[in-house]
Amino acid sequence: MTPILSYVLTGKTNEHITLDSRIGVPIHTRAIFPFLSLQKEAMKVGFDLRIASGFRDYDRQMLLWNEKAQGKREILDYGGQRALDYGELTLNREDLLFALLRWSSVPGASRHHWGTEVDVYDYNAINSPTSEKLKLVPSEVEGGGPMASLHIWLDEMIDAKKAFGFFRPYEQDRGGVAMEKWHLSYTPQSYLYDESYNYDFFIQTIEESDIELKDLILQNGKKIFNDYMKNICPYPN
Ligand SMILES: [Zn+2]
């Protein structure tokens, strides 16, 4: 692996990232035009498709991870319904680790480092005085949730291969990372990054890092790599 690729995979560079003023959130340079195209199609049917979160660098992910591990940030329960009791979680550090992994990636192993991943929402659905603040939780995207119709439309676009290369790696709950319908991945590029990211590289990244729960992450390395990092829905053909 070239040094530059290893920096891209772990979010330690932003040389693969562009901040386009029409999007307003930094994402992978190659994903800019496809996303603008998808946004344009969405606009035609009344959705104002926007990105809540795109590229996230290593330091940011490390801060989020460590603050959650230290109890300074909320950790959601398995279903994403409520915050867990931190005091209770710390009785067993392994419980804390797996609660974190349900909703957060290990720094250096987040697909958001790649810039190919975007968490999307419909701006129209939250931009009224009566609407609730965007939370990115399952209840928002299912049933009668404010983003449900956007996601039904996105399903149709993805199924019809009209989503300009975007698909949903976390469409279903596969027992690792929670179902995150709002998370789209620009496959033509993310597939290549995924192929390059192997187990040895994962372990090496953790060993070199200053991460909370490091000992436990290394002990559970194989499980975390297989069940969380690589356990995504199959890439489309
Ligand atoms: Zn995401």
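Okay, so let's go over this structure. (Residues numbered from 1 in each chain as written. Predicted model: local features only at pLDDT ≥ 70, side-chain atom pairs only at ≥ 80, totals over all residues. Heavy atoms only, no water.)

### Observations regarding the pattern of salt bridges
Once the charged atoms of two side chains with opposite charge are near each other, the side chains can pair. The tally for this structure, following the rule as stated, stands at 14 salt bridges. One continuous salt-bridge network, built from bridges that share partners, spans Arg 111, Glu 117, Asp 194 and Lys 230. (Salt bridge = Lys/Arg side-chain N within 4 Å of Asp/Glu carboxyl O.)

### A few points about unusual backbone geometry
In terms of backbone geometry, most residues other than glycine have negative phi values and most peptide bonds are trans. Even without glycine at this site, Leu 136 takes up a positive phi of about 55°. Tracing the sequence through the fold places Leu 136 in the loop between α6 (123-126) and α7 (138-141). Positive phi outside glycine occurs at Leu 213, with the angle close to 70°. Within the secondary structure, Leu 213 is located in the loop between α10 (199-207) and α11 (214-219). Classification of Leu 213 as buried rests on a relative accessible area of 7%. (Helix = DSSP H or I, 4+ residues; strand = E, 2+ residues; numbered from the N terminus. Buried < 20%, exposed > 50% of the residue type's maximum accessible area, 1.4 Å probe, protein only.)

### Considerations on the layout of surface pockets
Approximately 880 Å³ is the volume found for the largest pocket. Lining the largest pocket are 29 residues, and of these Arg 56, Lys 68, Trp 103, Ser 104 and Asp 119 lie nearest its centre. Going through the elements one at a time, β3 (49-53), α3 (58-69) and α5 (93-103) are the ones with two or more residues in the lining of the largest pocket. When residues of the lining of the largest pocket are assigned to their parent elements, the largest contribution, five residues, is made by α3. (1 Å grid on protein atoms, 1.4 Å probe; cavity = no way out; pocket = protein on both sides within 12 Å on 5 of 7 lines; lining within 4 Å. Points joined across faces, edges and corners; volume = space filled by probe spheres on them.)

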